[in-house]
Amino acid sequence: MLAFPRSGGSGEVLLPHLELAGHFDRCVDELASMTVLQPEGRVRDAYVDLLVALTDAAKAMRSSDAGDGEGATEQLRSAVELLCRTKTDEFVYVRD
């Protein structure tokens, strides 16, 4: 969990939303390379929508932390809209 010292020096402030944003970023980095494995058309478009949704969610968490509540809300709405229409059942996955 990300923790930062408090300005008064009295312990740490935990920032799980920023940690989650970092995890989303790493997921996008790992999943982006598999975009070319997805069948062209509807399936690949859905895969890209998933990546954009994760990116938007991470941006929203950072915007919220920076005090931009309106921007965070817009980014979260975008992420939810993309995730609601994303069907993952036809995605191609690489197995080790």
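Just above sits the structure.
Right, let's walk through the structure included here. Per-chain numbering applies: the sequence of each chain, read as written, is numbered from 1 onward. The model is predicted, so local features are restricted to residues of pLDDT at least 70 and side-chain atom pairs to those at 80 or more, both for listing and for counting; the totals for chains, interfaces and linings are taken over all residues. With hydrogens and water excluded, all non-hydrogen atoms of the structure serve as input to the side-chain values.

1. Looking at helix α3 (residues 69-85)
Because an α-helix packs 3.6 residues into every turn, residues spaced three or four apart end up facing the same way.
At step 1: The helix count covers DSSP runs of H or I at least four residues long, the strand count covers runs of E at least two residues long, and both are numbered beginning at the N terminus. A helix is expected to span 1.5 Å for every residue after the first. Given a rise of 1.5 Å per residue, 17 residues ought to cover 24 Å, and the 25 Å separating the end C-alpha atoms of α3 matches this to within 8%.
At step 2: Residue burial is assigned from relative accessible area. The probe radius is 1.4 Å, only protein chains are included, and a residue is buried under 20% of its type maximum, exposed over 50%, and partly exposed in between. Those residues of α3 that fall on the buried side of the exposure criterion are G71, A72, A79 and L82. The arc that holds the buried residues of α3, viewed along the axis, is 100°, so those residues lie on one side. Looking at α3, the residues exposed on the side facing more than 90 degrees away from the buried face are E70, R77, E81 and C84.
At step 3: Here, residues are in contact when the closest pair of their heavy atoms is within 4.5 Å. Here the buried face of α3 lies against α2 (42-65). Read the arc as the range of directions from the helix axis to the C-beta atoms.

2. Overview of the pattern of salt bridges
At step 1: Counted as salt bridges are all cases of a side-chain nitrogen of Lys or Arg within 4 Å of a carboxyl oxygen of Asp or Glu. One pass over the full model with this rule turns up 4 salt bridges.
At step 2: A salt bridge links R62 to D25, with the nearest nitrogen and oxygen atoms 2.3 Å apart. Linking R62 in helix α2 with D25 in helix α1 (residues 16-32), this pair joins segments that are 37 residues apart in sequence.
At step 3: Taking the relative accessible area as the measure of exposure, R62 reaches 35% and is therefore partly exposed.
At step 4: When the shortest N-O distance is used, the salt bridge between R85 and D49 registers 3.4 Å. With R85 in helix α3 and D49 in helix α2, the pair connects residues that are 36 residues apart, well separated along the chain.
At step 5: Residue classification places R85 among the partly exposed residues on the basis of a relative accessible area of 47%.
At step 6: Overall, D49 belongs to the buried group, its relative accessible area being 18%.

3. What to know about the nonpolar core
At step 1: As used here, the term nonpolar core means buried Ala, Val, Leu, Ile, Met, Phe, Trp, Tyr and Cys residues forming a set that is joined through side-chain atoms within 4.5 Å. F24, Y47, L54, A57, M61 and F91 are the most contacted members of the largest nonpolar core, which has 17 residues in total.
At step 2: Among the secondary structure elements, those contributing two or more residues to this core are α1, α2 and α3.
At step 3: In terms of residue count, α2 provides more of this core than any other element does, 10 residues in total.
At step 4: The residues touching L54, leaving out its near neighbours within four places in the chain, are F24, C27, V28 and L31.

4. Observations concerning the environment of V80
At step 1: Locating V80 in the fold gives a position in helix α3.
At step 2: As a C-alpha pair, V80 and D56 span 24 residues in sequence and 9.2 Å in three-dimensional space.

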